[in-house]
Amino acid sequence: DGISLEPILLGSTNPAELRNQIRGQLQTGRTFDLVFYIPFTYDSVLELRTLNEVGGGFASERKIQTLATEAVAALKPNLKLLSNLMACPVFVHNASMIQRFEPTLKSRLKARSSQSVRARAASVLAPLVAGLLAEVNSAGPGNLRLIDETAFVAEHGDTHLGTFFHTSEAHHPAVFGRVAAE
């Protein structure tokens, strides 16, 4: 009668396992009106994980380009599957590369040490992800849509968003996971 949100969290960091989880949801006979796919969250992309570490702040442009290209290439099979199996819009987040952190000095220093490289990586990833979505859309039903997280970072800042996502009751991943499970 109205609008309801029934989140189904598929959180495997193994791309093949994630594709199996997606197929499994469809085999149950469920239908979806809308899908959100957030492939670059919680350090789930092995290729990019090192950039969030303290030493990751020293990555060269070539290293960033290589890691971003590998990450986007690994994303392609999942996007093709979602595009072809879902008869609804699929909203795909690109990578803002913000780091969720507590508002403590130690946490801020850690985030600050990798802020520059994370920003550079996000600027490399954005056109790669947009290009991949265009490629997959042109070969399929065209139901993939981009949610540009980098626009939020440009408007609100890395530090503000990182703190917000960690401390917000509504947005902290553990809180959302607990609520979704209930």
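Cut-off values and rules
Residues numbered from 1 in each chain as written. Predicted model: local features only at pLDDT ≥ 70, side-chain atom pairs only at ≥ 80, totals over all residues. Heavy atoms only, no water. Axes fitted to C-alpha atoms, helices over the stretch in contact; angles between N-to-C directions. Helix = DSSP H or I, 4+ residues; strand = E, 2+ residues; numbered from the N terminus. Parallel < 35°, antiparallel > 145°, perpendicular 65-115°, else oblique. Contact = heavy atoms within 4.5 Å. Nonpolar A, V, L, I, M, F, W, Y, C, P; charged D, E, K, R; others polar. Phe/Tyr/Trp six-rings, centres within 6.5 Å; stacked < 30°, edge-to-face > 60°. Buried < 20%, exposed > 50% of the residue type's maximum accessible area, 1.4 Å probe, protein only. pLDDT = per-residue confidence, 0-100. Expected span 1.5 Å × (residues − 1). Bend = angle between axes of the 7 residues up to and from the residue. Polar contact = N/O pair within 3.5 Å; in protein donor to acceptor, adjacent residues only side chain to side chain. Pairing = 2+ DSSP bridges.

### Considering the packing of helix α1 (residues 15–27) against helix α3 (residues 61–85)
Working step 1: Where α1 contacts α3, the two axes come as close as 10 Å, and the packing angle between them is 10°. Judged by the angle between their axes, α1 and α3 are roughly parallel. Only P77, N78, L81, L82 and L85 of α3 make contact with α1, whose side of the interface consists of P15, L18, R19, I22, R23 and L26.
Working step 2: Taken together, the residues that form the contact of α1 with α3 break down as 8 nonpolar, 1 polar and 2 charged.

### Here's the deal with the packing of aromatic side chains
Working step 1: As enumerated under the stated definition, the model contains 1 aromatic pair in all.
Working step 2: For the ring pair F36 and F91, a centre distance of 5.5 Å and an interplane angle of 25° mean the geometry is stacked. With F36 in strand β1 (residues 35–37) and F91 in strand β2 (residues 90–93), this residue pair connects regions lying 55 residues apart in the sequence.
Working step 3: Looking at F36, the relative accessible area reads 48%, which means it is partly exposed.

### Details of the confidence of the model for the chain
Working step 1: This prediction gives the chain a mean pLDDT of 81; 83% of its residues lie at or above 70.
Working step 2: Confidence scores differ between elements of the chain, with helix α7 (residues 173–181) showing the lowest mean pLDDT of 47 and strand β3 (residues 144–147) the highest of 95.
Working step 3: Counting contacts from residues 174–181, a segment whose pLDDT is below 50, to residues more than four positions away or on other chains yields 6 contacts.

### Things to note about α3
Working step 1: With 25 residues, α3 extends 36 Å between its outermost C-alpha atoms, agreeing within 8% with the 36 Å of an ideal straight helix rising 1.5 Å per residue.
Working step 2: At K76, α3 shows its maximal kink, close to 30°; a proline, P77, follows between one and four residues later.
Working step 3: Of the positions making up α3, those classed as buried are I64, L67, A68, A71, V72, L75, N78, L79, L81, L82 and S83.

### Quick notes on the side chain of S83
Working step 1: Relative to the elements of secondary structure, S83 occurs in helix α3.
Working step 2: Within the local environment of S83, its side chain forms a polar contact with the side chain of N143, the two groups lying 3.0 Å apart.
Working step 3: Leave out the neighbours within four places in its chain, and S83 touches V136, P141, N143 and L144.

### What about the pairing of β2?
Working step 1: The pairing of β1 with β2 spans 3 bridges and is parallel. Among the inter-strand pairings, F36 is bridged to a residue of β2, identified as F91.
Working step 2: Sheet topology places β2 next to β3; 4 bridges connect them, and they run parallel. Counted as the bridge partner of F91 is R145 from β3.

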